[in-house]
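Summary of structural features
So the chains spell out like this:
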Amino acid sequence: MRDPPVKKILYWCPKCNVPLIGSSCSCGSEAVKVPLLKPYEVRPALSADVALIKSLVNEKFGDASLSDIMLLNKSGGDDRAELVIMNGERFGWLVFSPVNRKYRFDIAPEGIKYVIGSATKGILDIEKDTGYSKSMGRIGGKRIQLNTFFPDGTYIVKYRSRYGTGIVRDDTVKIKELVAAEPATALNPGWKEAVRRNKNHLKNLEHTAIRTIKQHMNDRPCVNVSFSGGKDSTVALNLAGKAGVKKAFFIDTGLEFPETIEFVKSKGVDIIEKGGDFWKAVERAGPPSKDNRWCCKLLKLNPLKVYLSGIGPCVTVQGNRWYESWNRAGLDETNQNPANPLQLNISPIRGWRALEVYLYIWWQDLSINPLYEKGLERIGCYLCPAMLESEFEEMRSIHPDYTKRWDDFLEKWAEKKGYPEEFYEWGLWRWKALPPKMREICRDNDVEVNYDYTLKTGSFERKTPAGQKAGKTEEPPESRDSEDKKNSAGRPETVPVKVLESGNEVAACGYDVAAVRKDFPILGDVTYLDNAATGFSPEKVLDAVIDFEHNYRSNVGRGVHSLMQIASQKYWHAHEKAAKFIGGEDGVMVFTKNTTEAINMVAMGMSWQPGDRIITTVLEHHSNLLPWRALSKYGVSVDVIGLDSSYSPDLSELKRVISPKTKLVAVTHASNVLGVVVPVKEIAEICHENGVKLLVDGAQSTPHIPVNVADIGCDYFAFSGHKMLGPTGTGGLWMKMADLNPVFLGGGMVESVTKDGFVPEKGYRMYEAGTPNISGGIGLGAAVDYLSGIGMKNIRDYEESLTKRLIEGLESIPGVTVYTAKDPKMRIGVVSFTIDGLHPHEVAQMLDENADIMVRSGNHCCQPLMECLGLKEGTVRASIGLYNTVHEIDLLVASVKEIVS
Ligand code: PMP
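Residues numbered from 1 in each chain as written. Predicted model: local features only at pLDDT ≥ 70, side-chain atom pairs only at ≥ 80, totals over all residues. Heavy atoms only, no water.

**A short note on a nonpolar patch on the surface**
To keep things clear, this is the line we draw: Nonpolar side chains (Val, Leu, Ile, Met, Phe, Trp, Tyr) are joined into patches within 5 Å and like charges within 9 Å, using only residues with over 30% relative accessible area and no salt bridge. Methods summary: accessible areas were calculated by the Shrake-Rupley approach with a probe of 1.4 Å, and residue burial reflects only the protein chains presented. For this document, the term salt bridge refers to a Lys or Arg side-chain nitrogen within 4 Å of an Asp or Glu carboxyl oxygen. Numbering goes from the N terminus for both helices and strands, where a helix is a DSSP run of H or I of at least four residues and a strand is a run of E of at least two.
Together, Leu745, Val753 and Phe758 give the surface a local cluster of nonpolar side chains, amounting to about 310 Å² of exposed area. Its place among the elements puts leucine 745 in the loop between strand S28 (731–735) and strand S29 (750–753).

Rendered as structure tokens:
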């Protein structure tokens, strides 16, 4: 994702000692710049935060007098991790550990001068407390033995008049650079002064935001504000009111704090009553998680839908901001709500940071939800999985009555499912698949994690007593800086985890599924099991397409300029990659828009004689049947052979039917309904013994199993790029020899044209008349690289194990019938099933509505097969892809069980 135009620095007036939201202060001074950390969100420390920081500093160093203006810059960590900015400099780090449930404060080198004047403890004197002697040379960067006991942690380190920070671990101290430092004090102007100094900037911000609202508020017949009870929507409500918006609504999820409800009422906002019953739903669905927020649909989106259907199309002003989370970065000024097409959302404060929000609130003297001053950073449902553990801890003291119910539920759920105590003690329930940081914590503390990063269930013996995390050294602030950089590079780090190969777990996967999932921006809250229809594209493929558009877009093969040279080279190279991917280096790889086009090119490109025959099978997709039937106009007829008991084409029938009149056998490599893998190599032998050509429809095999056309011995191989992670509108036809007549004639496919004839180009170009889908082809090349990078054998093995789990799960449910090949080696992850008494469309719809599972239903473009199986309404089809997880398979099985019951 490209970075939005966010502010990466904070301005500060050195004279007034206040933060600024613009580059100048109303006192006339030029601001200094303070660099911020991603996601560049910065907010004032409110009273509870300031009290916390002051108490941690005092506990560590004794009484220190600190400024009341402190800012908190959110950064990456195990839980809450914020850079504290004071007096226009980094003062230190406020960090919460979800394991020992404690805060700590690590002072930054720039903050030392504000503490040493009054410090009575927490200072490690190199001369007194360590075995350092001058003969050891430089101090900075060294690990030095201590001769006084200091518990592990971060300290101020002193050598004569030079100071720095050091990390103590196992009776040694590692010291950063030491610099000369004198005790310093600074002006303590307070936030009122900061507001005064920012007034002009605030006026500008307000003006722009109101203009934005006014510009769009009449785009639909009515306008309202979506109010959440939080600070951002408090500002949005105020701005909208000034623009003339009168209506506002709040959705009561039933999981709100009483303070929030009181506050909403005080603002005169309409309250929409809650949608579903969370407590009933959670007993079945389990705790919602950051990566499965089913609760939002039940408690927010559904009631919103009902509300909107009552008021019709509307414009809704909301308080979403870029800086809240990186997911929201890039949010447009207006956007159509994808879940509710009736609603056009305006985000007038999308470019504000929490600093702007609070300064505005104080300038306007707006009342805010009292929970902020009590220490909560975000306010929503009291059991929201998006919350930090530090916030849960805070809530336990603010509202023990509310949190107890949730804590009790989590404990019972963990017991029921066999999760370890850490599931609720460290807040691990907040993820279905644990992120790298949590996996690292689990690894360090011997908490077992499955290969798909879910927590292992079963009986656990805790190695370390709760709240006593042994031996983990505090990280120096700088290392968190570099962590931030690593994350911003966008690549998921991979942390080795224990791979489980026991009983009902699937076999070890040869690749990191969780890391792979991060490459697919579209994978989110939904479970996508319709990969047989089309798959998703990873970032690398999208990048390749965008790279073409941004950097070298031009036509291919028809000129000499440099852009065309680059595009032609890359487009040609994509053909080479695709050919190699299916073991077809010795043939011709033609790019098409899909399998269907490839098959039609064979049907129309072969030279037919009246009386010629084609053999195909009842297993085929309409795309491998209708093009052959259409040849009846040339006197060509089609024989359709049936299936044997394992749903595979009946080869004895094939041998019986094949005759000297047969010119072509066209058969699928893998069925898109039953998942059956067809023995195409055996069929090729039969064909060749009879001098017959073989076309293999590889639409379903190419994305899931290693394919080698040379080994198969086929003459033509058709496949769809969009089913194998490539862009839509891509596919290919591989030919052993360029022996087809080109179907499409025109530019690009000819070497020369005379008055009455033409000489075609060589190779694929002969078959790609006109301007092809260039970016798509290049994207397909990137998809092939991606699949090869993971390894088709790895993908095959992993999908095979998921398929087994799915089939076994479904077959165990009474009333469910599964249609599949028995031999795991002779099937791919396409699993068709029916439920007694329910139409497949009904089942698919219920899976979507109840559990956000996307499966296909109906006849899957295979009506003759459905007739043959006696399934006139078709089947429900779940089709697996390389990014699906065990959890998703289990979710599908559990959801089907629920539907049946
Ligand atoms: N053959 C098979 C076996 C298929 O599964 C499909 C797609 N479902 C096709 C052909 C047609 O593919 P496309 O829509 O990409 O042309």
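**Considering the domain arrangement of the protein**
Keep this limit in mind: What fixes the domain bounds is an automatic or database domain assignment.
One can read the domain layout of the protein as domain 1 (118–182), domain 2 (198–380), domain 3 (399–465), domain 4 (499–520 + 792–900) and domain 5 (542–743 + 770–790). Computed over C-alpha atoms, the centres of domain 2 and domain 5 are 51 Å apart.

**Regarding the site of the ligand**
Applied cut-off: Neighbouring residues are identified by heavy atoms, a residue being near a molecule or strand if any of them is within 4 Å of it. Any pair of N or O atoms that falls within 3.5 Å is considered a polar contact. Within protein, one atom must be able to donate a hydrogen and the other to accept it, and sequence-neighbouring residues count only if both atoms are side-chain atoms. Ten residue types, Ala, Val, Leu, Ile, Met, Phe, Trp, Tyr, Cys and Pro, are classed as nonpolar, four, Asp, Glu, Lys and Arg, as charged, and the remainder, Gly among them, as polar.
Taken together, 14 residues lie near the ligand, and Thr596, Asp697, Gln700, Ser720 and Lys723 sit nearest. In the environment of the ligand, an oxygen atom lies 3.3 Å from a nitrogen or oxygen atom belonging to the backbone of threonine 595. Taking aspartate 697, its side chain carries an N or O atom lying 2.5 Å from a nitrogen atom of the ligand. Considering the ligand on its own, with 390 Å² of exposed area, one finds that the protein chains cover 88% of that surface. Of the residues contributing to the shell around the ligand, the split by class is two nonpolar, ten polar and two charged.

**Some points on the pattern of salt bridges**
Overall, the coordinates contain 47 salt bridges when judged by the stated rule. Here glutamate 193 and arginine 197 are joined by a salt bridge, their closest N and O atoms 3.2 Å apart. Of this pair, glutamate 193 and arginine 197 both sit in helix H3 (residues 191–216), four residues apart, which is roughly one turn of that helix. For arginine 765, the salt bridge goes to glutamate 761, with nearest N and O atoms at 3.2 Å. A network of salt bridges, in which partner residues are shared, links Asp79, Arg101, Glu389, Glu393, Arg396, Asp407 and Arg430.

**Observations regarding helix H8 (residues 354–364)**
As a reminder, the rule being used: Three exposure classes are used, based on accessible area relative to the maximum for each residue type with a 1.4 Å probe and protein chains only: buried under 20%, partly exposed in between, and exposed over 50%. Any pair of residues with heavy atoms lying within 4.5 Å of one another is described as a contacting pair.
In terms of burial, H8 is largely enclosed, as nine of its eleven residues are buried. Inspection of H8 places Ala354, Leu355, Glu356, Val357, Tyr358, Leu359, Tyr360, Ile361 and Trp363 among the buried residues, and these make up the whole buried set. At its buried positions, H8 is contacted by strand S1 (9–13), strand S2 (18–20), strand S4 (42–44), strand S5 (70–74), H3 and helix H4 (231–243). At the exit of H8 stands aspartate 365, carrying a positive phi of roughly 55°.

**Re the state of the cysteines**
Inclusion rule: The disulfide criterion used throughout: a pair of cysteine sulfur atoms within 2.5 Å.
Within this structure, the stated rule accounts for zero disulfides. A disulfide-free cysteine, cysteine 13 has its sulfur positioned 3.6 Å from the sulfur of cysteine 25, the nearest such atom. Residue classification places cysteine 13 among the buried residues on the basis of a relative accessible area of 0%.

**Side note on unusual backbone geometry**
Following lysine 38, the chain continues into proline 39 via a peptide bond in cis, with omega recorded as 10°. With respect to the helices and strands, proline 39 occurs in the loop between strand S3 (32–35) and S4. Unlike most non-glycine residues, arginine 101 shows phi in positive territory, near 60°. For arginine 101, the location among the structural elements is in the loop between strand S7 (89–97) and strand S8 (102–107). Within the chain, aspartate 446 stands out as a residue other than glycine whose phi angle is a positive 55°. Mapped onto the fold, aspartate 446 is located in the loop between helix H12 (436–444) and helix H13 (477–488). Owing to a relative accessible area of 35%, aspartate 446 belongs among the partly exposed residues under this scheme.

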